[in-house]
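# Observations on the three-dimensional arrangement
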Amino acid sequence: LIGYDLEFYMVVLRECIMPRRMKLTELNIWGYAPSAYEKSATGFVGLKNLGAICYINSMLQQFNHISPFRNAMLQINDNKPCVLNEEGIDDNLLHQMQRLFLYLLMSIRRDFNPAKFCYAFKEMDGKPTNTAIQRDAQEFLNILFDRLERNLKGTQFQMLLQRVFGGKLCSQLICNNCGAISPTYEDYYTLSLGIANQRTLIEALGNYITGTSVSDYLCSSCNKKVTIQKRTLLSSLPNVLIVHLQRFTFNFDTLMNEKIHSRLEFPGLLDMTPFTEEGCK
């Protein structure tokens, strides 16, 4: 294209090549190998751990691999412009989550830096996420879902979380005298199971629905004070069930939280029928 025209070459060098070269980040890595930064042979893109955000990265990677959720998130238009603040960041959680999913799906690099997502995901004091502090994954999940629900209001996907992750719990009061059952229903996104002294997920689920006895309860059906059984069953299951394992318990002797490190086995195919309202009739 330039041929032997030295004057034209100098123009291209000055106007095109040098300005772009100034924007390149200088590599101070001895023995730099481009292949070390390419996407893994598995075809998946990782998330860079910026300190202690493994709880964020693990949840976001799981969401990315739930294709109906990820694909719907990428289609959302909240009709809000991409406004960059003084630090050059779009401080919109939904936009940053879409950007992250898009990079995980299309990038040719080995990993993606979630720094801008962490900036948009504010802590309770309104400051960006402190990437040096380890947080609880369940707490992060609850806050993320709460904020996404607010961001999705008014869009065509405002019921997205409910349709993918939403189910219903049924709390039952069963009278031991007349057998009357009084049910109440509530929505849930996650099923939180205690696993202390449990060997398998099936055992933990069985313990979850076992319930407790309550004495001296006034039954509205037989109009007597009786003993009742109080239990919680799954009334409806979500399309994608999120199970939270309670690996931290409070020790009343030491007044500290302790982590349960014991093994918990789970089957490749999980039949939830025995733990549902229909299955326990």
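A few points on the structure. As the structure is a prediction and not an experimental result, all values here were calculated from the model. (Residues numbered from 1 in each chain as written. Predicted model: local features only at pLDDT ≥ 70, side-chain atom pairs only at ≥ 80, totals over all residues. Heavy atoms only, no water.)

As a further point, take unusual backbone geometry. The backbone of N79 shows a phi angle near 60°, a positive value even though the residue is not glycine. Here N79 shows up in the loop between α3 (67-75) and α4 (93-106). Not every positive phi belongs to a glycine, and D216 is a case in point at roughly 60°. Relative to the helices and strands, D216 is located in strand β6 (residues 212-219). The class of D216 is exposed, set by a relative accessible area of 54%. (Helix = DSSP H or I, 4+ residues; strand = E, 2+ residues; numbered from the N terminus. Buried < 20%, exposed > 50% of the residue type's maximum accessible area, 1.4 Å probe, protein only.)

Bridge count between strand β9 (residues 248-251) and strand β10 (residues 256-259): four bridges; the pairing is antiparallel. Within β10, the residue paired with F248 across the bridge is K259. Once β9 ends, the chain turns through four residues before running back antiparallel as β10, passing L255 with a positive phi of about 55°. (Pairing = 2+ DSSP bridges.)

Let us look at the side chain of Q61. By secondary structure assignment, the location of Q61 is in helix α2 (residues 54-64). Within polar-contact distance, the side chain of Q61 engages the backbone oxygen of V45 at 3.0 Å. Excluding anything up to four places from it in sequence, Q61 contacts V45, G46, L47 and L104. (Polar contact = N/O pair within 3.5 Å; in protein donor to acceptor, adjacent residues only side chain to side chain. Contact = heavy atoms within 4.5 Å.)

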